[in-house]
Amino acid sequence: MFLTCMETVTKQLVSWMRGHESSVFSISVHASGRYAITTSSDTAQLWDLDTFQRKRKLNILQSVGIQKVFFLPLTNTILSCFKDNSIFAWECDTLVCKYQLPAPPESSSILYKVFAVTRDGQILAAGGKSNHLHLWCLEAKQVFRIIQMPTKVRAIRHLEFLPDSFDAGSNQVLGVLCQDGIMRFVNIQTCKLLFEIGSLDEGISSSAISPHGRYIASIMENGSLNIYSVQTLTKEINKPPPPLVKVIEDLPKRKVNSGDLKMKVTSGRVQRPAKSRENKIQARILKQDLTGNFENKKNEFSDGLNKKRLQILLKGYGEYPMKYRMFIWRSLLQLPENHTAFSNLIDKGIHVAFLNLQKKYPIKSRKLLRVLQRTLSALAHWSSIFSDTPYLPLLAFPFVKLFQNNQLICFEVVATLIINWCQHWFEYFPNPPINILSMIENVLAFHDKELLQHFITHDITSQLYAWPLLETVFSEVLTREEWLKLFDNVFSNHPSFLLMTVVAYNICSRAPLLNCNLKDDFEYFFHHRNNLDISAVIREVYRLMDTTPTDIHPDSMLDVFVALTKGQYPVFNQYPKFIVDRQTQERERIRIRDDELDYLRERQAVEDMQAELDQQRVEDEAWYQKQEPLRKAEETRRETPLQEEEMMIQQRQKLAAVKRELKVKEVHLQDAARRRLLQLQQEQREMELRRLDDEIERKVRMRDRDIVATAKDLDVRRLELGSQKSLHEKNLTRNQEAIAKEMREDADANKRKVDLEDHMFHRPIGTDQTQNQNTQKLIEENLAKAEQACLNTDWRIQALHKQRCNDLHRNECYQEVAKLLRKNRKKEMEVLNAVMEGEAKKWEEAEEQDFHLKSEKKAAAPSDASRRWFLENEIHAQHPCHRVPRCQDEWVASGRLPRTSQLKDISEMESLTQISLNQRKTHWDTMEWDLTERVRNLRQRLATQARNRCQTPHLLAT
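These figures come from a predicted structure and were not determined experimentally.

Procedures and definitions
- Note on numbering: residues in each chain are counted from 1, in written sequence order.
- Selection of residues for local features in this predicted model requires a pLDDT of at least 70, selection of side-chain atom pairs for listing and counting requires 80 or more, and totals for whole chains, interfaces and linings are taken over all residues.
- Side-chain measures here rest on the full set of heavy atoms in the structure, leaving out hydrogens and waters.
- Counting from the N terminus, the helices are DSSP H or I runs at least four residues long and the strands are E runs at least two residues long.
- Type-normalised accessible area, obtained with a 1.4 Å probe on protein chains alone, sets the label of each residue: buried when under 20%, exposed when over 50%, and partly exposed for intermediate values.
- Contacts: residue pairs with any heavy atoms within 4.5 Å of one another.
- Exposure was quantified through the Shrake-Rupley algorithm and a 1.4 Å probe, taking into account, for residues, occlusion by the shown protein chains and nothing else.
- A residue counts as positive if it is Lys or Arg and as negative if it is Asp or Glu; His and the chain ends are not included.
- Within this document, salt bridges are pairs made up of a side-chain nitrogen of Lys or Arg and a carboxyl oxygen of Asp or Glu, the two lying within 4 Å of each other.
- Two strands pair under a simple rule: DSSP has to find at least two bridges between them.
- Here, nonpolar core means buried Ala, Val, Leu, Ile, Met, Phe, Trp, Tyr and Cys residues that are tied together by side-chain atoms lying within 4.5 Å of each other.
- The convention used is that axes are lines fitted to C-alpha atoms, helices contributing only their stretch in contact, and that angles between N-to-C directions extend from 0 to 180 degrees.
- Expected span, for any helix, means 1.5 Å times one less than how many residues it has.
- Pairing of aromatic rings covers Phe, Tyr and Trp, the last counted by its six-membered ring, and requires centre-to-centre distances within 6.5 Å; plane angles under 30 degrees mean stacked, over 60 mean edge-to-face, and any other angle means tilted.
- In this scheme, Lys NZ or Arg CZ marks a charge over a ring once it lies within 6 Å of the ring centre and within 35 degrees of the ring normal.

Peer 1: What am I meant to see in the overall build of the protein here?
Peer 2: Each helix and strand counted, the protein has 25 helices and 22 strands in total. In the protein, which comprises 958 residues, the share counted as buried stands at 37%. Long-range pairs, those at least 24 residues apart, make up 61% of the contacts in the protein with a sequence separation of at least 6. If you sum the accessible surface of the protein, you get close to 58200 Å²; carbon and sulfur atoms cover 54% of it.

This is how it looks when you write it as structure tokens:
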């Protein structure tokens, strides 16, 4: 959220101020116009309106919200009101907490929502969701009265005091806007209902009172704006003040309750609280004050202040309190506050003499420049001499800066200053006031001849050491605090006090002035600030006022103070009218001459313009004549393109018809080509099916041939085994007796027998292994061919799927075919794995038997060797010439000596070989059945699809 500052005259944006996060609901401006406070629900911020920068920020807890933060009028105090009914007062400059108001009475405790303060900042009115109003005395910091509104009032929405020109800021009438839309005006002293505006049918939404209290502006609930005149609503508001002398009558003795503060608002008889002892004391003090007022009636102001007492206070403290200075000045100068007359002067606008004021006096603050421009324009409209007074901006600037937020007061203060303290200044206009400067020089010559002689020696006149101080009213040589302190004394004394101040300033600065010898040094001294005690200057002024002889004293030549008249401002004509009139006539003559020159220039310009118009007219006629044949030619040329365009449109229509025919033919050709393509694809699929049938038949024949060859091999092997068996049986019968006799040699032959058995055992195993490898290779080749056939079929299915991607039924068929292929591959892998596992197990058994045989051989080798060595020794010992028959050794070595265990092993090998052949035959039968089923299903689906395509040819076109 941000705030914008707009200028009311030019309606331009001056500045914008950013810092609030929520909406701003309250803005309060300090009486000096330098500071402003903006309030939102979560924070309050103090702004410097000269720089539009944020000076301070008030942060609070989220649980405690802000109701309102505002400045107290005519004070330097900020009042902050929170939602928990706590009210704090802060010093504006230091932001130090001055005090906190106590909690309201428990008998009438309400949550404050709305607040109002009197113009003197002494009384605070607070209300909320109740018909009670609390009136706080901010000096005593306590509730001094509780006002109870009528019973039909349940809540208070707005409070505002009604200003009065006779109450000196202590407003007595309070406007109360209630929840029913009626605004009631109550006298807070008598608690009497004076009048009310609004009604139940036409309620008030919001209301505001003019600064002088004459009008009330109200926005109604229906959206209309009503302006009320307070004078027509009641006659009691603007009645004159009561007489100063009143008789205090004794009251009948009765029992009173001093703590009863509550009063009810009535429209008839006024109810007052009983008077306590404190009231009696106040009555006695009032009687003494009345006596003093009779004695000092001449020095008594309308607002109750006494000039003599103010002067005594001023001499005691040297200055007035900052808090009450503006109020005291307004009382001393007796400002009439003529709102209507001032408004008439302001309505005349900016005077022509001050339109370019910013060029001569560049002021940083646009607001201050605007107020200065308006004040000077009002003075120029009031008296014409001020439009030609060159030092008027210097004279008015300090007062404009001080009263920039109240232009009426500023204007009346400057006007009062001119009428009283600038007497006889304009008699030698446009020259400086020689008579006034002569008065100052005479006083200076009487009190300090040495200084005056020093001025004369260096050719320094009163226009250099006195006039710069007067035309700027000491604003160039004094600070703000020093200047305010000086004018506290100027406004409290005779108009001659200002002239005496010039003399006192020179006398108090005599030491540095006596050291100056150059004219530039004197000019610099009287146009810049110097190290000078203003209190000493003021004391010197009072001394000069008392010790100056009467014949040269300025008060004998100046009139006493005269206030501005009420209603209309007085006529100011204390200046040489003939000079002003002459200057006015000169300006008028110059203006007339300028007007004549302007008229002649304008007349010449008009004549030149007329000649140019005539020349232009002739040229236009010639141009129009030239344009006529061009226009006709242009129309002819425009018709030609139109005809060409019409012909082009007809040709385009014909071309479009030809294109449509070609498009239809193209569609028919595409349909025929699509049908031929579909027929070709169907023939290709039939050829593929026939090729698959041939492949299946070839594989079946190959399988049959393999089975027959395997059976023949088995028969040959069986015959070989039978012949070997019979041969072994014969040999066994023939040599059984020799074997029975030759028991010792049997051990030696046992080794050969084992070798023979091992050789015979491994040979059929090797033969079987070779056969198994051949069979496995054949199976793998057939399986690879089958897989290749499946892959080819899958590829063709995928190609067909890409060509007919929109045929959902065909896609499902292909998915089923792919699923069957995956199942078959899985079964084939399972069969192959089973075969490989059987082979692995056999190889493991053969290795185990080989290992067992080798271990037996190793175990029997030592015993056989020892036994053979023992037998040979025994044979050699018993029969030296005896030898083993060679034929027997060769028989055993050649393995022709069979045993019964060897025959059993051979029969087991035959049975295992027969089982393996039966398993392979079963596997081939399963594969053949699966392939046959797949081919049959594929043929059925393709036939169904062909029938569907023939029935719906438009789908193929799609």
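Peer 1: Just to check I follow, could you spell out the side chain of Lys-485 for this structure?
Peer 2: Mapped onto the elements of the fold, Lys-485 is located in helix H14 (residues 480-491). Comment: no salt bridge for buried Lys-485; closest opposite-charge side chain is Glu-319, at 5.3 Å. Discounting chain neighbours no more than four positions away, the residues touching Lys-485 are Gly-318, Glu-319, Ile-534, Ser-535 and Ile-538.

Peer 1: Help me understand the pairing of strand S14 (residues 142-148), please; the structure alone is not making it clear to me.
Peer 2: Two faces, one strand: in a regular strand the side chains alternate between the faces of the sheet. The buried count for S14 comes to five of seven residues, which makes it a mostly enclosed element. Here six bridges tie strand S13 (residues 132-137) to S14, and the two strands are oriented antiparallel to one another. Note on S14: the bridge partner recorded for Leu-135 is Arg-145. Turn length for the S13-S14 hairpin, with the two strands adjacent in sequence and antiparallel, is four residues, and the turn residue Lys-141 shows positive phi of about 60°.

Peer 1: Can you help me understand unusual backbone geometry in this one?
Peer 2: A negative phi angle characterises most non-glycine residues, just as the trans form characterises most peptide bonds. You will see that Asn-85, though not glycine, has its phi angle at about 70°, which is positive. Looking at the secondary structure, you find Asn-85 in the loop between strand S8 (77-82) and strand S9 (87-91). The phi angle at Cys-191 is positive, at roughly 55°, despite the residue not being glycine. For Cys-191, the position within the fold is in the loop between strand S17 (183-187) and strand S18 (192-197).

Peer 1: Is there a simple way to explain the pattern of salt bridges in this structure?
Peer 2: Pairing is possible between side chains of opposite charge, provided their charged atoms come close. Enumeration according to the criterion identifies 20 salt bridges in this entry. A salt bridge links Arg-325 to Glu-319; the nearest nitrogen and oxygen atoms lie 3.1 Å apart. Relative accessible area serves as the criterion here: at 2%, Arg-325 is assigned to the buried category. Judged by relative accessible area, which is 31%, Glu-319 ranks as partly exposed. Here the residues in one salt-bridge network are Asp-180, Arg-184 and Glu-196, joined through shared partners.

Peer 1: Which parts of the structure should I look at to understand the nonpolar core?
Peer 2: Inside soluble globular proteins, nonpolar side chains tend to come together where they are buried. One finds Trp-382, Leu-470, Phe-474, Trp-483, Phe-487 and Phe-491 to be the most contacted residues of the largest nonpolar core, which totals 100 residues. In terms of residue count, the dominant contributor to this core is helix H9 (residues 407-420) (10 residues). In contact with Trp-483, other than residues within four places in its own chain, are Trp-329, Pro-398, Phe-399, Leu-402, Val-473, Phe-474, Ser-475 and Leu-478.

Peer 1: I would appreciate a short explanation of the sheet that holds strand S3 (residues 24-29) in the present structure.
Peer 2: Pairing between the strands of a sheet is mediated by backbone hydrogen bonds and can be parallel or antiparallel. Ordered by their spatial adjacency, four strands build an open sheet running S3-S4-S5-S6, and the pairing between neighbours is antiparallel. In this open sheet, the two strands that pair with only one neighbour each are S3 and strand S6 (53-59). Averaged over all adjacent pairs, the angle separating strand axes in this sheet is 20°, with direction ignored. Two elements, strand S5 (residues 43-48) and S6, share six bridges in a ladder whose sense is antiparallel. In the sheet register, Ala-44 faces S6, and the bridge partner there is Leu-58.

Peer 1: Sorry, what's going on with H14 here?
Peer 2: Since the α-helix packs 3.6 residues into each turn, any two residues three or four apart lie on the same face. Look at H14: 16 Å from first C-alpha to last across 12 residues, which is about the 16 Å you get at 1.5 Å a residue. Buried residues belonging to H14 abut helix H3 (307-317), helix H4 (325-333), helix H8 (392-402), H9, helix H15 (496-508) and helix H18 (534-547).

Peer 1: Would you mind going over the packing of aromatic side chains with me for this structure?
Peer 2: In this description, a pair of aromatic rings is defined by centroid distance and the angle of the planes. By the definition in use, this model includes 30 aromatic pairs. When the ring of Phe-185 is compared with that of Phe-195, the centres are 4.5 Å apart and the planes differ by 15°; the resulting orientation is stacked. Of this pair, Phe-185 sits in strand S17 while Phe-195 sits in strand S18, and the two are 10 residues apart along the sequence. With relative accessibility at 0%, the residue Phe-185 sits in the buried group. By relative accessible area, Phe-195 is classed as buried at 8%. With 5.1 Å between their ring centres and 70° between their planes, Phe-399 and Trp-483 make a pair best called edge-to-face. With Phe-399 in helix H8 and Trp-483 in helix H14, this residue pair connects regions lying 84 residues apart in the sequence. Neither residue differs from the other here; Phe-399 and Trp-483 are each classed as buried. Among the aromatic residues, those joined into a ring-pair cluster are Phe-342, Trp-382, Phe-386, Tyr-391, Phe-411, Trp-425, Phe-426, Trp-467 and Tyr-569. Over the ring of Phe-70 we find Lys-68, and its NZ or CZ is 5.2 Å from the ring centre.

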